[in-house]
Amino acid sequence: QFNARNCKEVKDKYGQTENGLYYLNTATGGVYQTFCDMTTAGGGWTLVASVHEDNIYGKCMVGDRWTSQQGNNANWPQGEGNWANRKTFGTVEAATDDDFKNPGYYDIEAEDMSVWHVPNNTPVNHWNLAAIMRYHTDRHFLHLYGGNLYQLFHSYPVEYNVGAHLSDNGPSIPIVYDLGDKESTKNVYDPYSGGEIEGGFISFRAINHERAATAICSGVKPKGGNVEHYCIGGCGFFPEANPLQCGDFTGFAWNGYGTHIGFSASKQMLESAVLLFYR
Ligand code: KO2
Ligand code: CA
Ligand code: CA
């Protein structure tokens, strides 16, 4: 067994070049298993989390670990709080079947992120080929935000009523596409939001018109306040149309399930888990 805190060490110190499952260690002696992407842009990417929508009709109910599993409630402004705590859940082999969060999320000091959108229920060995979108950052942006999402979301809490849309949003970071492009990114989200998003970015802590905070806008930068239709994860309260915008995939089915009409995202987006990697 290797003594490594992340997949880059597994690759650099132990010469492992195969994509697949590896055991990693935490600073405090914990051990966990996760997936390493050893090929994209030099490899060494550690899977730390997945955001999965088990039922878009369950609004902040069971399974909505990245928002609230206990309803849409202004008295619980951070909801589960999992973007900024040390709770872990799920397993790597079920990362496209349910939510996943491992100790690497807070333990690894990283520079960049990579994101894969992989259709639900895809086995690990097919993730790469089955993905509908893949991209990574290359500007070492995490140096500015504490080295991981745990730290970033402490600086930018995913909480109801922390600020106003656009002016109090967190950072938007340019991305390099490994599969897809700016146009294909806009096409998987809903047509109405097309006018207020720009492809080619990953954005953090985006706030909507009603002061609800979302966690990650994958592949896009918001230029308006209807972020509940293209940003995932979030706080414990979404005021508009209570509770229809609350949930891990927020208001992605606003105008029907996978219709890609109005404010509804495409079916492929709705039915894919969002895998978050660090390097
Ligand atoms: C709608 O009918 C509606 O939805 C808007 C939401 C979408 O996030 O902000 C506004 O509430 C609007 O007033 C109206 O309720 O508009 C442009 C069409 C959609 O769904
Ligand atoms: Ca979920
Ligand atoms: Ca709205």
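Keep in mind the model is a prediction, meaning the values are calculated, not measured.

Asker: Explain the overall build of the chain to me, using residue names and the numbers behind them.
Answerer: Helix and strand counts for the chain come out as six helices and 14 strands. Taking 279 residues into account, the globule formula puts the C-alpha radius of gyration at 19 Å, and the chain, at 17 Å, falls close to it. Burial statistics for the chain: of 279 residues in total, 57% are counted as buried. Intrachain contacts of the chain at a sequence separation of at least 6 include 61% that bridge at least 24 residues.

Asker: Lay out the coordination of the calcium ion (ligand 2) in plain terms, naming residues and giving numbers.
Answerer: The protein atoms that coordinate the calcium ion (ligand 2) are His-52 (O), Gly-63 (O), Asp-99 (OD), Asp-99 (OD) and Asp-248 (OD), at distances of 2.3 to 2.5 Å. Along the chain, the residues that donate to the calcium ion (ligand 2) are spaced as H-x10-G-x35-D-x148-D. Residue His-52 is located in the loop between β3 (45-51) and β4 (100-101), and its partner Gly-63 is located in the loop between β3 and β4; the two are separated by 11 residues in the primary sequence. You'll find His-52 and Gly-63 in the same group, each marked buried.

Asker: I'd like a rundown of the environment of Ala-84, residues and numbers included.
Answerer: Within the element layout of this structure, Ala-84 appears in the loop between β3 and β4. A residue is classified by how much of its surface remains accessible, and Ala-84, at 24% relative accessible area, is partly exposed. Along the primary structure Ala-84 and Tyr-105 are separated by 21 residues, whereas in three dimensions their C-alpha atoms are 9.5 Å apart. In contact with Ala-84, not counting residues within four places along its chain, are Tyr-150, Phe-153 and His-154.

Asker: How would you sum up the site of ligand 1? Please name residues and give values.
Answerer: Neighbouring residues of ligand 1: Tyr-192, Asn-226, Glu-228, His-229, Glu-240, Gln-245, Trp-254 and Phe-263. In this structure, Glu-228 approaches ligand 1 through a side-chain N or O atom, which is 2.8 Å from an oxygen atom. Between ligand 1 and Glu-240, the relevant distance is 2.6 Å, taken from an oxygen atom to a side-chain nitrogen or oxygen of the residue. For ligand 1, whose accessible area on its own is 440 Å², the fraction buried by protein is 47%. Within the shell around ligand 1, the residues separate by chemical class into three nonpolar, three polar and two charged.

Asker: Tell me about the coordination of the calcium ion (ligand 3), and name the residues and values.
Answerer: In this structure, Asn-226 (OD1), Glu-228 (OE) and Glu-240 (OE) serve as the protein donors to the calcium ion (ligand 3), at separations of 2.1 to 2.5 Å. Taken in sequence order, the residues that donate to the calcium ion (ligand 3) follow the motif N-x1-E-x11-E. Of the two residues, Glu-228 is situated in the loop between β12 (220-222) and β13 (232-234) and Glu-240 in the loop between β13 and α6 (267-270); the sequence distance between them amounts to 12 residues. Here Glu-228 falls in the buried class, since its relative accessible area comes to 0%. On the basis of relative accessible area, Glu-240 is assigned to the partly exposed category, the value being 28%.

Rules and cut-offs
- Residue positions within a chain follow its written sequence, with the count starting from 1.
- By the order in which they are written, chains take letters starting at A while ligands take numbers starting at 1.
- It should be noted that, the model being predicted, local features are given only for residues of pLDDT at least 70 and side-chain atom pairs only at 80 or more, the latter also being counted only at that level, while totals for whole chains, interfaces and linings use all residues.
- Side-chain numbers come from the whole structure's heavy atoms, not from hydrogens or water.
- In DSSP terms, a helix is any run of H or I states spanning at least four residues, a strand is any run of E spanning at least two, and both are numbered starting from the N terminus.
- Atoms considered for the radius of gyration are the C-alpha atoms alone. The globule rule reads 2.2 Å times the number of residues to the power 0.38.
- The rule is simple: take the accessible area with a 1.4 Å probe, protein chains only, and divide by the maximum for that residue type; under 20% is buried, over 50% is exposed, in between is partly exposed.
- Contacts are residue-level and defined by heavy atoms, with any inter-residue pair within 4.5 Å sufficient.
- Coordinating N, O and S atoms are those within 2.8 Å of the metal (3.2 Å for Na, K and Ca), and as water is not part of the atoms, a site may appear to have fewer donors than expected.
- When at least one non-hydrogen atom of a residue lies within 4 Å of a molecule or strand, that residue is treated as near it.
- Polar contact is defined as a pair of N or O atoms within 3.5 Å, subject to the rule that within protein one atom must be able to donate a hydrogen and the other to accept it, and that residues adjacent in sequence are counted only when both atoms are side-chain atoms.
- Accessible areas in this description were obtained via Shrake-Rupley with a 1.4 Å probe; residue shielding takes into account the shown protein chains only.
- When residues are sorted by character, Ala, Val, Leu, Ile, Met, Phe, Trp, Tyr, Cys and Pro go into the nonpolar class, Asp, Glu, Lys and Arg into the charged class, and all the rest, Gly among them, into the polar class.

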